[in-house]
Amino acid sequence: MKRPLKLGVNVDHVATLRQARGTAYPDPREASSICMAAGASSITLHLREDRRHVQDADVFTVGGDPRIPLNLEMANVPEIIEIALRVSPEEVCLVPERREELTTEGGLDIAGRREVIGETVQRLADTGARVSLFIEPDEAQIAASVAVAAPVVELHTGTYCEAVGGARELELARLIRGAELAHAAGLQVNAGHGINLENIEDLLQVPHMDTLNIGHSIVSRAVMVGLETAVKEMLGALAVYA
């Protein structure tokens, strides 16, 4: 029997709403507490270089709450690495980042940057953080993730979520194969990006997944039904995985 699939909730877009008006609300820490009470396993914050949503203070506030397991998403850049070393979150997920993008696009190229990424993985691991690498479900990237001693990969599901028809079937097959390769290599398999209640059903065919990290669709749904209900709805969709 499969293990229950865990849900990590990304609350970046709670901060997006706050930053739109420059107010002190809504508070990502309060949102994080609501998500945890509703059954989430962890909270994700992406501290971008341009600080378009999450701010440094959010990371320190959420990361400083022992009741909230923090997964800090970040680019492999010195300024953000130093913040991560100070916060010492439970998890860190290294992601690619371009300032002009609306959201993270595609996976990190571990194979092409083994040395520099390996150094960061080690520095973060030395603080006790469990390091994840956000990658495409490709054999070369999985092998490179093993080579840099990262214990976790997060498979990029955005291409699957945006595809239709035969293209989605092909991408689902790629995710299944990637998860199988990663699991066989001893890596924990997480997944995320673009997942919502409409596209999640087939995605649950992907084996060996530990955690799905989902943000935008949950926060968007919360506008209509409330954050607690939105989290519980997604947990209900995940429950069939077990």
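Whatever comes next refers back to the structure up there.
Conventions and cut-offs
- Residues numbered from 1 in each chain as written.
- Predicted model: local features only at pLDDT ≥ 70, side-chain atom pairs only at ≥ 80, totals over all residues.
- Heavy atoms only, no water.
- Axes fitted to C-alpha atoms, helices over the stretch in contact; angles between N-to-C directions.
- Helix = DSSP H or I, 4+ residues; strand = E, 2+ residues; numbered from the N terminus.
- Parallel < 35°, antiparallel > 145°, perpendicular 65-115°, else oblique.
- Left-handed = near helix turned anticlockwise from the far one by under 90°.
- Contact = heavy atoms within 4.5 Å.
- Salt bridge = Lys/Arg side-chain N within 4 Å of Asp/Glu carboxyl O.
- Buried < 20%, exposed > 50% of the residue type's maximum accessible area, 1.4 Å probe, protein only.
- Pairing = 2+ DSSP bridges.

S.K.: Please clarify how the packing of helix α2 (residues 28-38) against helix α11 (residues 227-238) should be interpreted in this entry.
M.R.: Closest axis-to-axis distance for the α2/α11 pair is 9 Å, and the angle between their directions is 40°. The orientation of α2 with respect to α11, classified from their angle, is oblique. With respect to the hand of their crossing, α2 and α11 are arranged in right-handed fashion. Residue-level inspection shows Ala31, Ile34, Cys35 and Ala38 of α2 in contact with α11, the latter providing Leu227, Glu228, Val231, Lys232 and Leu235.

S.K.: Would you explain the pattern of salt bridges in this entry?
M.R.: If charged atoms from side chains of opposite charge come close, those side chains can pair. Counted according to the given criterion, the structure contains 14 salt bridges. Arg48 is the salt-bridge partner of Asp50, the closest N and O atoms lying 3.5 Å from each other. By relative accessible area, which is 26% here, Asp50 ends up partly exposed. In this structure Arg48 comes out as buried when scored by relative accessible area, which is 2%. The residue Glu136 makes a salt bridge to Arg174 at a minimum N-O spacing of 3.0 Å. Here Glu136, found in the loop between β5 (130-135) and α6 (139-147), pairs with Arg174, found in helix α8 (residues 165-184); they are 38 residues apart in sequence, far enough to count as distant. Note on Glu136: relative accessible area 15%, which makes it buried.

S.K.: I'm lost on the pairing of strand β6 (residues 152-156) in this one. Help?
M.R.: The side chains of a regular strand alternate between the sheet's two faces. Among the 5 residues in β6, 5 count as buried, and that is most of the element. Going residue by residue along β6, you find Val152, Glu154 and His156 tucked away on one face and Val153 and Leu155 tucked away on the opposite face as well. As paired elements, β5 and β6 share 4 bridges and run parallel to each other. Note that in β6 the partner of Phe134 across the bridge is Glu154.

S.K.: What should I look at first to understand unusual backbone geometry in this one?
M.R.: For residues other than glycine, phi is negative in most cases, and the peptide bonds are mostly trans. Residue Pro26 follows Tyr25 across a cis peptide bond; omega there is -5°. Structurally, Pro26 is set in the loop between α1 (12-21) and α2. The phi angle at Ser88 is positive, at roughly 55°, despite the residue not being glycine. As for its position among the elements, Ser88 is in the loop between α4 (78-87) and β4 (91-94). Within the chain, His193 stands out as a residue other than glycine whose phi angle is a positive 115°. By the element assignment, His193 lies in the loop between β7 (188-192) and α9 (200-203).

S.K.: Can you walk me through the environment of Tyr25 in this structure?
M.R.: Here Tyr25 lies in the loop between α1 and α2. Looking at Tyr25, the relative accessible area reads 59%, which means it is exposed.

S.K.: Sorry if this is basic, but what is going on with the sheet that holds β5 here?
M.R.: Strands belonging to one sheet form pairs held by backbone hydrogen bonds; the direction of such a pair is parallel or antiparallel. Here we have 8 strands rolled up into a closed barrel, ordered β1-β2-β3-β4-β5-β6-β7-β8, and parallel in their pairing. For this sheet, the mean angle separating the axes of adjacent strands, direction not counted, is 25°. Across 4 bridges, the pairing between β4 and β5 is parallel. Across the sheet, Val92 pairs through a bridge with Val131, a residue of β5.

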